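Understanding the architecture of this molecule
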Amino acid sequence: MQKEPSPLVPLHWLGFGYAALVASGGIIGYAKAGSVPSLAAGLLFGGLAGLGAYQLSQDPRNVWVFLATSGTLAGIMGMRFYHSGKFMPAGLIAGVSLLMVAKLGFTVFTRPHQS
């Protein structure tokens, strides 16, 4: 049996995992506290992160939706963590979002430039 050739650009599994984490955080916030804003924000930002991960899977140079989503979440949740001091959920999402911004920034600055 021959192995099928892999795609030129692999799926961005880290990005999809991040999107699932953000969306599930909104769902858990709604389930535990009945917070509709948590549900809406989690699903909105999780969906945008999923879209960004999909775009990265199609074209590794198309980082902007994913970068804007993770950067916005890093800022918002970072401020919530700073003011509340609670790691869950604000500190966790801020930290993971900051790591995603760093990974995307590293990817943007280390890729070869096209002329």
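I will try to describe carefully the structure that is included in this document. Quantities reported herein were computed from a predicted structural model and do not represent experimental measurements.

**Here we look at the pattern of salt bridges**
- Tallying each qualifying case throughout the model produces one salt bridge.
- With a shortest N-O distance of 3.1 Å, Arg61 and Asp59 are connected by a salt bridge.
- Accessibility expressed as a relative area gives 25% for Asp59, which makes it partly exposed.

**Brief notes about helix α1 (residues 13-33)**
- If you check α1, its first and last C-alpha atoms are 30 Å apart, about what 21 residues at 1.5 Å a residue would give, namely 30 Å.
- Buried residues of α1: Gly15, Tyr18, Ala19, Val22, Ala23, Gly26 and Gly29, and no others. Along α1, the residues classed as buried sweep out an arc of 125° about the axis, all on the same side. Exposed and oriented more than 90 degrees from the buried face of α1 are Trp13, Leu14, Ala31 and Lys32.
- On its buried face, α1 is in contact with α2 (36-58), α3 (64-84) and α4 (87-110).

**Some words on the environment of Ser97**
- Among the structural elements, Ser97 can be located in helix α4.
- For the pair formed by Ser97 and Leu73, sequence separation is 24 residues and the distance between their alpha carbons is 6.3 Å.
- Among all residues touching Ser97, those that are not within four sequence positions of it are Tyr18, Ser70, Leu73 and Ala74.
- One polar contact links Ser97 to Tyr18, side chain to side chain, over a distance of 2.7 Å.
- A polar side-chain atom of Ser97 sits 2.7 Å from the main-chain carbonyl oxygen of Ile93.

What counts, and where the lines are drawn
Residues numbered from 1 in each chain as written. Predicted model: local features only at pLDDT ≥ 70, side-chain atom pairs only at ≥ 80, totals over all residues. Heavy atoms only, no water. Salt bridge = Lys/Arg side-chain N within 4 Å of Asp/Glu carboxyl O. Buried < 20%, exposed > 50% of the residue type's maximum accessible area, 1.4 Å probe, protein only. Helix = DSSP H or I, 4+ residues; strand = E, 2+ residues; numbered from the N terminus. Expected span 1.5 Å × (residues − 1). Arc of directions from axis to C-beta. Contact = heavy atoms within 4.5 Å. Polar contact = N/O pair within 3.5 Å; in protein donor to acceptor, adjacent residues only side chain to side chain.

In short, geometric facts, not functional conclusions.
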